[in-house]
Amino acid sequence: MLVRLTDSWQDILARRQQAGGYPQAVTELLGEMTAAAVLMQANIKFNGALVLQIMGDGPVKLAVAEVQPDLSLRATAKVVGEVADGALASVGLSDLVNVNNQGRCAITLDPKDRLPGQQPYQGVVPLYDDHRHRIERVSDVLAHYMLQSEQLDTRLVLAANDQVAAGLLIQRLPVKGEANLAGQGTARSNEDDIGLSEDYNRIAILAASLKREELLTLDVDTILHRLFWEEPHTRFVPQSGENGPRFACSCSKERVSHMLRSLGALEVESIIAEQGQVEVGCDFCGAQYRFDPVDAAHIFTQPVATPPVEPGTH
Ligand SMILES: [Zn+2]
């Protein structure tokens, strides 16, 4: 599966420009995460939001990419502190998000029809491997996650700059009836299994040979041809335009009201006393929501509805 985000990715970065933009390494980190989140959502076809997050202990405290089942998406990063100049590969993933080996990567699946009180499914992995060595690539963090949580062999190649966020995902699908065959140990099933492993390994090695520059600059057909020209393959119709990945933010005044309500009346009143109003900006799209004293009082007198709390606002 291959994704190449251009307009949607540039849209996300443009919205951040008013807040000063991201350092290059953060742009690359967030772009790689966004491409990966699209690949994962398209791969599992989950009926709800897929949220890929890195909670960092370095200058990047949080990086989030969220993709809906219709592939609309949004992404943001919270940077507190100095990020060295240069590309992600030279700055190093650890120096951004895993300085003290406390960084975490989480994948959350939040069902669309979640019942009140029902928790979304979340898997969390550290940013180090089984030997506690720091992992220096987003693709390796996610491959590690897929192997640990889903027992799925996955190979990802990711790359991003300020124009393109792109990714290639190769995954070994579970063999039909594999669990049943495993116990029987017939010669036939073992041979099949070995053959399928060889196929996966060969294709994964070919995929891993794809260079960052190639992924960023070449069109899909050229990439597929370069990597897999010796393999028989079926090309699916690409999803683009209204059916493809595109920027969309799900923030709203109602969701912000709900978030303020969870802060509590005392907290909100103290902000009003200090600043005359409450102003909340959406980190994803840059929208500003303002509540004057009358609006703010209204929040606490309305009957309680139960939309989910907006995680990206503060
Ligand atoms: Zn928004």
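Every value quoted in this text rests on a predicted model; they were computed, and no experiment measured them.

(A) Spotlight on the overall build of the protein chain. Counting its secondary structure elements, the protein chain contains 12 helices and 11 strands. Here the protein chain holds 314 residues, and 32% of them are scored as buried. Looking at the protein chain alone, contacts between residues at least 24 apart form 65% of all its contacts between residues at least 6 apart.

(B) Summary view of helix H2 (residues 24-44). Counted at 1.5 Å a residue, the expected span for H2 with its 21 residues is 30 Å, and the 30 Å between its end C-alpha atoms agrees. In terms of burial, H2 is a largely internal element, 17 of the 21 residues being buried. The positive-phi residue at the C-terminal boundary of H2 is Lys 45, with phi of around 50 degrees.

(C) Looking closely at unusual backbone geometry. The phi dihedral of Lys 45 falls on the positive side, at around 50 degrees, and the residue is not glycine. Topologically, Lys 45 is positioned in the loop between H2 and strand S2 (48-55). With a phi close to 60 degrees, Asn 101 is a non-glycine residue in the positive phi region. Topologically, Asn 101 is positioned in the loop between helix H4 (93-97) and strand S5 (104-111). By the C-beta count within 10 Å, which is 13 here, Asn 101 ends up partly exposed.

(D) Local environment of the nonpolar core. Counting residues in each nonpolar core, the largest one holds 59 residues, and the members touching the most others are Leu 29, Met 33, Ala 35, Ala 36 and Ala 37. Tallying contributions element by element places H2 first for this core, with 11 residues. Once residues lying within four places of it in the same chain are set aside, the contact partners of Ala 36 are Leu 52, Val 138, Leu 142, Leu 156, Leu 158 and Gly 167.

(E) Highlighting the pairing of S5. As judged from the 8 bridges shared by S2 and S5, these two strands associate in the antiparallel manner. Note on S5: the bridge partner recorded for Ile 54 is Cys 105. Pairing analysis gives 6 bridges linking S5 to strand S6 (residues 121-126), with the strands arranged antiparallel. Considered in S6, the bridge of Leu 109 is made with Tyr 121.

(F) Seen up close, the sheet that holds strand S4 (residues 72-79). Strand order in the open sheet made by the 6 strands is S6-S5-S2-S3-S4-S9, with mixed pairing throughout. The strands lining the two open edges of the sheet, one partner per strand, are S6 and strand S9 (246-247). Where strand S3 (residues 60-67) and S4 come together, 7 bridges link them in antiparallel fashion. Paired with Ala 65 across the strands is Ala 75, a residue of S4.

(G) Expanded view of the sheet that holds strand S8 (residues 165-171). Read across the open sheet, the 3 strands follow the order S1-S8-S7; overall the sheet is antiparallel. Because the sheet does not close on itself, it has two edges, and the strands there are strand S1 (2-5) and strand S7 (154-160). Pairs of neighbouring strands in the sheet enclose a mean axial angle of 5 degrees, with direction left out of account.

(H) Seen up close, the environment of Gly 48. For Gly 48, the position within the fold is in strand S2. By the C-beta count within 10 Å, which is 17 here, Gly 48 ends up partly exposed. Sequence-wise, Gly 48 and Lys 112 are 64 residues apart; in three dimensions their C-alpha atoms are separated by 4.4 Å. Those residues in contact with Gly 48 that lie beyond four places of it in its chain are Pro 69, Leu 109, Asp 110, Pro 111 and Lys 112.

(I) Expanded view of the confidence of the model for the protein chain. Per-residue confidence for the protein chain gives a mean pLDDT of 89, with 89% of residues at or over 70. By mean pLDDT, helix H6 (residues 178-184) is the weakest element of the protein chain at 45, and S3 is the strongest at 98.

(J) Structural detail: the environment of Thr 76. Looking at where Thr 76 falls in the secondary structure, it is placed in strand S4. For Thr 76, a count of 22 C-beta atoms within 10 Å gives the class buried.

What counts as what
- Residues numbered from 1 in each chain as written.
- Predicted model: local features only at pLDDT ≥ 70, side-chain atom pairs only at ≥ 80, totals over all residues.
- Helix = DSSP H or I, 4+ residues; strand = E, 2+ residues; numbered from the N terminus.
- Buried ≥ 20, exposed ≤ 12 C-beta atoms within 10 Å, placed from the backbone.
- Contact = placed C-beta atoms within 7 Å.
- Expected span 1.5 Å × (residues − 1).
- Core = buried A, V, L, I, M, F, W, Y, C linked by C-beta atoms within 7 Å.
- Pairing = 2+ DSSP bridges.
- Axes fitted to C-alpha atoms, helices over the stretch in contact; angles between N-to-C directions.
- pLDDT = per-residue confidence, 0-100.

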